[in-house]
Amino acid sequence: MARHAMLIEDEPNIAEAIRFLLRRDGWEVTTLGDGGVAEARVREQRPDLVILDLMLPGRSGIEILEALRATPDTAGLPVMMLTAKGQGRDREAAERAGADLFMAKPFSNAEFVAAARSLIRA
């Protein structure tokens, strides 16, 4: 059975690049561009991995992550946070909210795929 990643990213070029990388690595990928519906979709679809942008329309990545961590059925779900800014403040907020891994854009393709794999093996 294919691993399922849910990608919540509002920048179409980045979403397409990540979807391509993961599909080439054998993943099934669902993409969402709006933070407002993200939490409900994660709960419906139960992906193996959530890849979450920090800055989203509707609801921030931090708010979504906090909501997922606050509920027992999604508390242990692996979450990779993406951000365009490598600022320490964002990283600290994501770590406090419970992100498993933090990836600053731009990233290398190989590094991204290796990080995704490592999160579902952990």
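See the structure shown above.
Structural notes, computed from the coordinates. (Residues numbered from 1 in each chain as written. Predicted model: local features only at pLDDT ≥ 70, side-chain atom pairs only at ≥ 80, totals over all residues. Heavy atoms only, no water.)

## Observations concerning the overall build of the protein
And then number 1: Along the backbone of the protein there are 5 helices and 5 strands.
And then number 2: Listing each helix as α and each strand as β along the protein from the N terminus yields β-α-β-α-β-α-β-α-β-α.
And then number 3: What you see for the protein is a C-alpha radius of gyration of 13 Å, in line with the 14 Å of a compact globule of 122 residues.
And then number 4: Each principal axis of the C-alpha distribution contributes one length, and for the protein these read about 30 × 30 × 25 Å.
And then number 5: The proportion of buried residues among the 122 residues of the protein is 45%.
And then number 6: Expressed as a percentage of contacts within the protein between residues at least 6 apart in sequence, the contacts between residues at least 24 apart total 62%.
And then number 7: Positive and negative side-chain charges of the protein, numbering 16 and 19 respectively, have mean locations separated by a distance of 3 Å. (Helix = DSSP H or I, 4+ residues; strand = E, 2+ residues; numbered from the N terminus. Rg over C-alpha atoms; globule rule 2.2 N^0.38 Å. Buried < 20%, exposed > 50% of the residue type's maximum accessible area, 1.4 Å probe, protein only. Contact = heavy atoms within 4.5 Å. Lys, Arg positive; Asp, Glu negative; His and termini not counted. Charge placed at Lys NZ, Arg CZ, Asp CG, Glu CD.)

## Here's the deal with the pairing of strand S4 (residues 79–83)
And then number 1: Of all 5 residues in S4, 5 are buried, a share of seventy percent or more.
And then number 2: Side chains Val-79, Met-81 and Thr-83 project from S4 onto one buried face, and the interleaved Met-80 and Leu-82 project onto a second face that is buried too.
And then number 3: Two strands pair when backbone bridges link them, and strand S3 (residues 49–53) and S4 are joined in this way by 4 bridges, in the parallel orientation. Bridged to Ile-51 within S4 is Met-80.
And then number 4: A crossover connection joins S3 to the parallel S4 through helix H3 (residues 61–69); in handedness this β-α-β unit is right-handed.
And then number 5: Sheet topology note: the S4/strand S5 (residues 101–104) ladder contains 4 bridges and is parallel. In the strand pairing of S5, Met-81 is matched with Phe-102. (Pairing = 2+ DSSP bridges. Right-handed = clockwise from strand over helix to strand, strands pointing away.)

## Here's the deal with the pattern of salt bridges
And then number 1: A full pass over the atoms with the stated rule returns 11 salt bridges.
And then number 2: The residue Arg-19 makes a salt bridge to Glu-16 at a minimum N-O spacing of 2.2 Å. Of the two residues, Arg-19 and Glu-16 both sit in helix H1 (residues 12–24), 3 residues apart, roughly one turn of that helix.
And then number 3: The salt bridge partner of Arg-59 is Glu-39, with a shortest N-O separation of 2.6 Å. Here Arg-59 is found in the loop between S3 and H3, whereas its partner Glu-39 is found in helix H2 (residues 35–45), with 20 residues between them in sequence.
And then number 4: For Glu-39, a relative accessible area of 18% corresponds to the buried category.
And then number 5: Sharing partners across several salt bridges, the network here consists of Glu-39, Arg-43, Arg-46, Arg-59 and Asp-73. (Salt bridge = Lys/Arg side-chain N within 4 Å of Asp/Glu carboxyl O.)

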